[in-house]
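Report on the structure
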Amino acid sequence: MLELKKGLDILTEIGGVRALDQALALFEHTCDKETRAKLGQIANEEALLKIANAIVMTEPDAVFVNTGSDADVQRVREMSPEKGEERALPMKGHTIHFDLPQEQARIIDRTFYIVNEGEETSVLALKIPRAEAYEYIKTHMKGIARGKTLLVGFFSRGPIGAPAAIPALEITTSTYVMHSADILYRHVYARFDQEVERSGLFFTNVHSEGPNRPEDLPLARVFMDRSWLTTFAMFCTYAGNTLLLKKGNHRFAVDLATYFQREEKLSEHMFITGLTGPGGRVTYFAGAAPSGCGKTTTAMVGSHFIGDDLAQLWIAEDGTLRAINPECGIFGIVQDVSRESDPYLMKCLREEGTEVIWSNVLIDEHGVPHWEGNGEEPPKRGINFQGQWWEGKTDANGKPIPLSHPNARCTLHNKAIENYDETAAEDPQGVVIKVITYSGRDSDTMPPVWVARNPDHGVVIGASILSAATATEVGARGIRRQPWANEPFIPGPLADYMDAQFVFFNSPKLKHKPLMAGLNYFLTHGARGGEGTALLGEKRDVKVWLGWLELRAHGEVGAIETPIGFIPRYEDLQPLFASIGKEYPRELYNKQFALYVDNILARIALQEEAYRKEKNIPARLFAIYQEQREGLEALEAKYGSIVSVEQLIEASEKKTE
Ligand code: SPV
Ligand code: MN
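Residues numbered from 1 in each chain as written. Chains lettered and ligands numbered in written order. Predicted model: local features only at pLDDT ≥ 70, side-chain atom pairs only at ≥ 80, totals over all residues. Heavy atoms only, no water.

**Remarks on the overall build of the chain**
Let me state the cut-off plainly: Only DSSP runs of H or I reaching four residues or more are called helices, and only runs of E reaching two or more are called strands; each is numbered from the N terminus. Here the globule rule is a power law, 2.2 Å times the number of residues to the power 0.38, and the radius of gyration is based on C-alpha atoms. For each residue, the accessible area found with a 1.4 Å probe, counting protein chains only, is set against the maximum for its type, and the residue is called buried under 20%, exposed over 50%, and partly exposed in between. In what follows, residue pairs with any heavy atoms lying within 4.5 Å of each other are defined as contacts. Computed by Shrake-Rupley with a 1.4 Å probe, the accessible areas treat only the displayed protein chains as cover when residues are assessed. Here the positive residues are Lys and Arg and the negative ones are Asp and Glu; neither His nor the chain ends is included. Note that the charge is assigned to NZ on lysines, CZ on arginines, CG on aspartates and CD on glutamates.
When you go through the chain residue by residue, the secondary structure sums to 21 helices and 33 strands. Expected size for 657 residues packed as a compact globule is a radius of gyration near 26 Å; at 25 Å, the chain falls within 12% of this value. A buried classification covers 61% of the 657 residues belonging to the chain. In the chain, the proportion of contacts linking residues at least 24 apart, taken out of those at least 6 apart, comes to 75%. Of the roughly 24,700 Å² of accessible surface on the chain, a fraction of 51% belongs to carbon and sulfur atoms. Taking the average place of the 71 positive charges on the side chains of the chain and the average place of its 90 negative ones, the gap between the two points comes to 1 Å.

Printed below as a string of structure tokens:
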């Protein structure tokens, strides 16, 4: 069980500032008058002490407080090109930032949870004892900001005042990190004290890129102190490692939900988006997908986009499931973003009027960004994450260097995106979630969409996500289990998190249960009796799967019951395909929705085996797997290992007779 404020508070221990008068005296000689005046507006003593200790530890030449005022935000924008962390591009408001070639993604091999003795963490995460972390931080962060300005921002992870919003401090020497925070998060400087009072806590993030040289990268670390809700990051710049308001604080939010807000809240790696259904009604979805598996694209399919990465969920007084986006912008992968697949995003990226920080794309000789899979004519040369680039350039091993890194990204405010539902996104009451989706990258097993028959089965869909490794983690390879697509961000044992999921979705307080569904866009022809690895579906089909779920959530379409859950009937899908201008041959439907029982059974066996190795996994998970296995085996005994939709219908009719 996690305990807060346990063990030595590393930041305070290194800084040594323990009283307010000490902090104020320190501000007196380390901050100019304007900065002191800004800090003077903050009454929360704990926050002032954190800032003071960060100053003592990092020893900056100057301190800049970013209040979120137009002038402060503008100053941060200007500092970045001055310092060289970003370069202005010809398109107004666009800049490019490059991370070091070896740091193009989250450095999972150097990311650690700081733990107290006897504390358990996820078996898949790295941990470091508190005393060792203390030594490391003291050795490497002491004086790390010399010659630099330390930037301090006060942010809210969510619309201010929302029950699930949490305030956070971002303290960094990186102008790129602060500029990104300005775009991705809401400032809460003016209401920081009240918000800490309301939420009962705040997160603290301290980062410095140091000299930002490749030779320092082995020393780079991301440390997350679960007990003191404080992150430390050093010698790195990639936002997933440094802008710890994002995944660092998401991890803390997962802990809080799991250990202190059971049956009240969840903190998920999910998009939030609304889809317009019949009569103009808007139905909101929250959907989990592992990094690099099309989460942003799915979110953008909605008519009322809210967020593409994170969701804070809670059960409201009226028994509905609510969600807010802790962020207000996207840090999205650009690979394969094209006019055809992502028209709204493309407009922001290719037409003037949006502030965009590009990272790790190719910049051509005209200062125009390019990336793989954008559907445009690629340039022959330019500058990318590896330096000068030309068509056919290879690395030291003779491997072609891609035009842009697969994890190259764009950072922009959601306001710029045409389908952004700003009113709903900023509502502290959140949006009512009627559908939860779970998706991975699965080429041969699960159908494009299926709906859990009850909350337990829904939780098991989340527990069973699987995906191929993506470019979002340095060095990741192979097929990975991706429970809830949140696994990399679950600090404690998976069993605790799973238990919290069962409790939450079965809670009698959750009077309006959401539909819980699996999605899979990655079935290939080869896996369904054809040839090759080409996909059976297209990106634009996502609208159909979501559209069907929308109707199902309102009880307006029937479905075929199978051991894994409910699947759509052909006659309900066909008009949805027609509405996106596509024919939907019955033959394709038959391929997509026939159950390949052996594959599913093998999948269940794989998941079970892995979960049996972990301690304290709720028995309910195994009971659901068992129930599904029995159903599948009965089908197989009767129809063989490939069960057609017709046979599924026959079997389900038999059952109800
Ligand atoms: C992800 O990889 O899931 C992201 C980007 O959303 S990062 O900030 O690196 O986590
Ligand atoms: Mn993510």
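**So, the coordination of the manganese ion (ligand 2)**
Selection criterion: Only nitrogen, oxygen and sulfur atoms qualify as donors, provided they sit within 2.8 Å of the metal or within 3.2 Å for Na, K and Ca; with water excluded from the atoms, sites may seem incomplete.
Looking at the metal site, the manganese ion (ligand 2) is ligated by Lys 247 (NZ), His 269 (NE2) and Asp 309 (OD), spaced 2.1 to 2.2 Å from it. Along the chain, the residues donating to the manganese ion (ligand 2) fall in the pattern K-x21-H-x39-D. In this pair, His 269 sits in the loop between strand S12 (265-268) and strand S13 (270-276) while Asp 309 sits in the loop between strand S15 (304-307) and strand S16 (311-315), placing the two residues 40 residues apart along the sequence. In terms of burial, His 269 and Asp 309 fall into one category: buried.

**Quick word on the packing of aromatic side chains**
Put simply, the test is: Only centres within 6.5 Å qualify two rings of Phe, Tyr or Trp (six-membered ring in Trp) as a pair; their planes then separate them into stacked at under 30 degrees, edge-to-face at over 60, and tilted for everything else. Whether a charge sits over a ring comes down to the Lys NZ or Arg CZ being within 6 Å of the ring centre and within 35 degrees of the ring normal.
In this structure the tally under the stated criterion is 19 aromatic pairs. Taking 5.8 Å as the distance between ring centres and 15° as the angle between the ring planes, the aromatic pair formed by Tyr 570 and Tyr 584 counts as stacked. In this pair, Tyr 570 sits in helix H17 (residues 570-579) while Tyr 584 sits in the loop between H17 and helix H18 (586-593), placing the two residues 14 residues apart along the sequence. Its relative accessible area of 3% is what places Tyr 584 among the buried residues. A connected cluster of aromatic rings, assembled from ring pairs, spans Trp 545, Tyr 570, Phe 577, Tyr 584, Tyr 589 and Phe 593. Over the ring of Phe 622 we find Arg 612; its NZ or CZ atom is 3.9 Å from the centre of that ring.

**Let's talk about the packing of helix H16 (residues 542-553) against H17**
Selection rule: Only the stretch in contact is used when fitting a helix axis, every axis being a line fitted to C-alpha atoms; angles between N-to-C directions are given from 0 to 180 degrees. Throughout this description, any angle smaller than 35 degrees is read as roughly parallel, any larger than 145 degrees as roughly antiparallel, any in the 65 to 115 degree range as roughly perpendicular, and the remainder as oblique. Should the near helix be turned anticlockwise from the far one by less than a right angle, the crossing is termed left-handed; should it be turned clockwise, right-handed. Under the convention adopted here, Pro, Cys and the residues Ala, Val, Leu, Ile, Met, Phe, Trp and Tyr are nonpolar, Asp, Glu, Lys and Arg are charged, and Gly plus all remaining residues are polar.
Viewed as axis vectors pointing N to C, H16 and H17 meet at an angle of 125°, and their least axial separation amounts to 9 Å. Viewed along their axes, H16 and H17 adopt a mutual orientation that is oblique. Once H16 is placed against H17, the crossing between them reads as right-handed. On H17, the residues that touch Val 544, Trp 545, Gly 547, Trp 548 and Leu 551 of H16 are Asp 572, Leu 573, Leu 576 and Phe 577. When grouped by side-chain class, the residues that make up the contact of H16 with H17 number 7 nonpolar, 1 polar and 1 charged.

**Considering the environment of Asp 364**
Defined as follows: Polar contacts, as used here, are pairs of N or O atoms within 3.5 Å; protein pairs need one atom able to donate a hydrogen and one able to accept it. Residues neighboring in sequence count only if both atoms are side-chain atoms.
Within the secondary structure layout, Asp 364 lies in the loop between strand S20 (362-363) and strand S21 (369-370). Sequence separation of Asp 364 and Gly 382 is 18 residues, and the distance between their C-alpha atoms is 4.2 Å. Setting aside residues up to four positions removed in sequence, Asp 364 forms contacts with His 370, Pro 379, Arg 381 and Gly 382. Among the polar contacts made by the side chain of Asp 364, one reaches the side chain of His 370 at a distance of 2.8 Å.

**A short note on the domain arrangement of the chain**
Which entries qualify depends on this criterion: Either an automatic procedure or a domain database provided the assignment from which the domain bounds are taken. The term buried area denotes the loss of accessible surface (1.4 Å probe radius) that occurs when two parts are joined, taken as the sum for both partners. Think of a salt bridge as a Lys or Arg side-chain nitrogen and an Asp or Glu carboxyl oxygen that are within 4 Å of each other.
As assigned here, the chain comprises domain 1 (10-85 + 103-245), domain 2 (265-328 + 426-584) and domain 3 (331-415). Each partner contributes residues to the interface: domain 1 has 11 residues there, and domain 3 has 12 residues. For the pairing of domain 1 and domain 3, the buried interface totals around 1,100 Å² over both sides, and the portion due to carbon and sulfur atoms is 58%. The three residues of domain 1 that bury the most area against domain 3 are Gln 104, Ile 183 and Tyr 238, which together make up 58% of that side's buried surface. Counting across the interface, domain 1 meets domain 3 through 1 salt bridge. In this structure, the salt-bridge partner of Arg 77 is Glu 355, at a minimum N-O distance of 2.7 Å. Counting across the domain 1 and domain 3 interface gives 6 residue pairs in polar contact (both at pLDDT 80 or more).

**A few points about the site of ligand 1**
Stated formally: When at least one non-hydrogen atom of a residue lies within 4 Å of a molecule or strand, that residue is treated as near it.
Taken together, Arg 106, Tyr 238, Gly 240, Lys 246, Lys 247, His 269, Ser 291, Asp 309, Phe 331, Arg 409 and Thr 472 are the residues near ligand 1. In this structure, Ser 291 approaches ligand 1 through a side-chain N or O atom, which is 2.5 Å from an oxygen atom. At 3.2 Å, a side-chain N or O of Asp 309 approaches an oxygen atom of ligand 1. Taking 280 Å² as the accessible area of ligand 1 by itself, protein coverage stands at 97%. Looking at the shell around ligand 1 residue by residue, the classes come out as 2 nonpolar, 4 polar and 5 charged.

**Here's the deal with the sheet that holds strand S19 (residues 356-359)**
Paired through their backbone hydrogen bonds, the strands of a sheet run either parallel or antiparallel. Keep this limit in mind: A pair of strands counts as paired when DSSP detects no fewer than two bridges linking them.
Strand order across the open sheet formed by 5 strands is S2-S3-S19-S24-S18, with mixed pairing between neighbours. Every interior strand has two partners, whereas the edge strands, strand S2 (87-88) and strand S18 (329-333), have only one. Sheet analysis places strand S3 (residues 94-97) next to S19, joined by 4 bridges and oriented parallel. Following the sheet pairing, Thr 95 is matched in S19 by Ile 357. The sheet contacts of helix H12 (residues 343-350) involve S3, S18, S19 and strand S24 (409-413), and relative to S24 the element is tilted by about 90°.

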